[in-house]
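Working through the structure, step by step
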Amino acid sequence: MSTLRFLVTQQIPEPGPSILRDAGDVEIRSGMSAEELREAVTGGEYDVALSQTSDAFSAELLGEARIRGIANYGVGYNNIDVAAAAQHGIAVGNTPDVLDDATANLAVLLLLGAARRAHEASEFLRAARFEGLRPGLLVGQDVTGATLGIAGMGRIGKAVARRALGFGMTVQFTQRPPHDRVVSDEELGELAGHVTQVPWDELVATSDYLSLHVPLTEQTTHLVDADVLRRMKSTAVLVNTARGPVVDEKALVHALREGQIFAAGLDVFENEPAVEPGLLELPNAFLLPHIGSAEAGTRAGMARMAAENAVAMARGEKPPYPVEV
Ligand code: DGY
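Residues numbered from 1 in each chain as written. Predicted model: local features only at pLDDT ≥ 70, side-chain atom pairs only at ≥ 80, totals over all residues. Heavy atoms only, no water.

Note the threshold: UniProt positions are given in the numbering used here, feature names are shortened, and annotations may be inferred rather than shown by experiment.
Looking at an unreviewed UniProt entry, one finds the protein named Glyoxylate reductase, with Kocuria rhizophila as its source organism. Regarding the protein, the relevant UniProt record gives this comment under Sequence similarities (unreviewed entry): "Belongs to the D-isomer specific 2-hydroxyacid dehydrogenase family."

Dropping the structure here:
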């Protein structure tokens, strides 16, 4: 049997590299341009690409690609045209479940940080402007007793809901905005009876916090646009740990600037790594650089899953964590 060859598009933590090296030859080529990626996957040098969610695999690229599989290092796979991959016999895998808690933890961090003006307060302190306790200093929004709206009650949405209930919040959700699908108590599991399903329009208009947990699709691109932002409460906080293009970033800048909503906590951006310049200037935008899953154990778990996917694909076997079309 010939040696299996793996292309890894960014350095990943152990045990990923060791699992790959035990199975074949590994080339880690961090920082490839789109053109270099195209050359690498069409050149016939590699069996499998272990990719990042920022590596775009378009239908056109997949049509030319000479690889057996793409093992995406992440749960999201909107960077891959999975229908085209299936059509060309290229397997796709991802890393579900393992990052649910880490991402939910970050969503809560953003929610609290934006509500309590953490970024602004920290800047204030570092600028040596703190002159002592003042009743009116950096007052934020209440969390306990407030209503959290969750857009997308999948694994991460549920993990956020559990945490929010612990904070004494009321939790409502829309399963698949902008339209909906009724979710059974069985699907809700332990959350049944503790959370309420409402239509998207109601979720937007009545939530004090709106946290996004939908995959990026045609339907969810700019799900939160100028119209939605106008219908949110002026005291509301928007949290996005899903994908940047779910929010119209220009409209969000306008809404934050004009006080249409109170604040936003964002870990993802429309054109990463670029960030809409207006956002960077706003004190009510609490911004993090796509670190939702960046907990050490979580990242190691993702590396293991992605590497196991890659090895199985290279051997022509079904990956243990497949993305099914
Ligand atoms: C994911 O796993 O989808 C994270 O957003 C990292 O890309």
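This is not the end of the story, as more comes after the structure.
Brief notes about the site of the ligand
Inclusion rule: For this purpose, a residue is taken to be near a molecule or strand whenever a single non-hydrogen atom of the residue falls within 4 Å of it. Pairs of N or O atoms are called polar contacts if they sit within 3.5 Å, as long as, within protein, a hydrogen donor faces a hydrogen acceptor (for residues adjacent in sequence, only side-chain-to-side-chain pairs). Surface accessibility in these figures is a Shrake-Rupley result with a 1.4 Å probe; residues are shielded only by whichever protein chains are displayed.
Near the ligand you find Thr 53, Gly 74, Val 75, Gly 76, Leu 99, Arg 243 and His 290, and these make up its full shell. One of the side-chain nitrogen or oxygen atoms of Thr 53 is found 2.6 Å away from an oxygen atom of the ligand. At a separation of 2.9 Å, an oxygen atom of the ligand approaches a polar backbone atom of Gly 76. Contact with the protein chains covers 86% of the free accessible surface of the ligand, which is 230 Å².

As for the domain arrangement of the protein
Interface extent is often summarised as the accessible area lost during association of the parts. Put simply, the test is: Here the limits of each domain have been adopted from an automatic or database domain assignment.
Per the domain assignment, the segments making up the protein are domain 1 (5–74 + 297–315) and domain 2 (99–287). Here the C-alpha centre of domain 2 lies 32 Å away from the C-alpha centre of domain 1.

Comments concerning the pairing of strand S2 (residues 24–28)
Where we set the bar: Note on pairing: DSSP must find at least two bridges between two strands before they are called paired. Counting from the N terminus, the helices are the DSSP runs of H or I reaching at least four residues and the strands are the DSSP runs of E reaching at least two. By convention a crossover is right-handed if, when the strands point away from the viewer, the path from the first strand over the helix to the second runs clockwise.
In this structure, strand S1 (residues 4–8) lies alongside S2, joined through five bridges in parallel fashion. Directly across from Val 8, in S2, lies its bridge partner Ile 28. As a crossover connection, the stretch from S1 through helix H1 (residues 16–23) into S2 is right-handed.

Concerning the side chain of Asn 240
Defined as follows: Residues are treated as being in contact if the distance between any of their heavy atoms lies within 4.5 Å.
With respect to the helices and strands, the residue Asn 240 is situated in strand S10 (residues 237–240). When neighbours within four sequence positions are excluded, Asn 240 is seen to be in contact with Leu 110, Leu 212, Val 247, Gly 265, Leu 266, Asp 267 and Val 268.

Some details on the sheet that holds strand S9 (residues 209–212)
Let me state the cut-off plainly: Lines are fitted to the C-alpha atoms to define the axes, a helix being fitted only along its stretch in contact, and any angle between axes, read from their N-to-C directions, falls within 0 to 180 degrees.
Reading across from one edge, S8-S7-S6-S9-S10-S11-S12 is the order of the seven strands in this open sheet, with parallel pairing throughout. Lying at the two open borders of the sheet, with one neighbouring strand each, are strand S8 (195–197) and strand S12 (285–287). Ignoring which end each strand starts from, the neighbouring axes of this sheet average 20° apart. When strand S7 (residues 170–174) meets S8, the two strands line up parallel, connected through three bridges. Following the sheet pairing, Val 171 is matched in S8 by Val 195. Against the sheet, helix H5 (residues 100–115) makes contact with strand S6 (147–151), S9, S10, strand S11 (263–266) and S12, and its axis sits at roughly 150° relative to S10, the strand it touches most.

Regarding H1
The following threshold applies: Relative accessibility thresholds used throughout: buried, under 20% of the residue-type maximum; exposed, over 50%; partly exposed, between the two (1.4 Å probe, protein chains only). Taking the helix axis as origin, the arc is that swept by the directions to the C-beta atoms.
What H1 keeps buried is the set Gly 16, Pro 17, Leu 20 and Ala 23. Around the axis of H1, the buried residues are gathered within 130° of arc, so they sit on the same side. Buried residues along H1 sit against S1, S2, strand S3 (48–52) and helix H13 (296–314).

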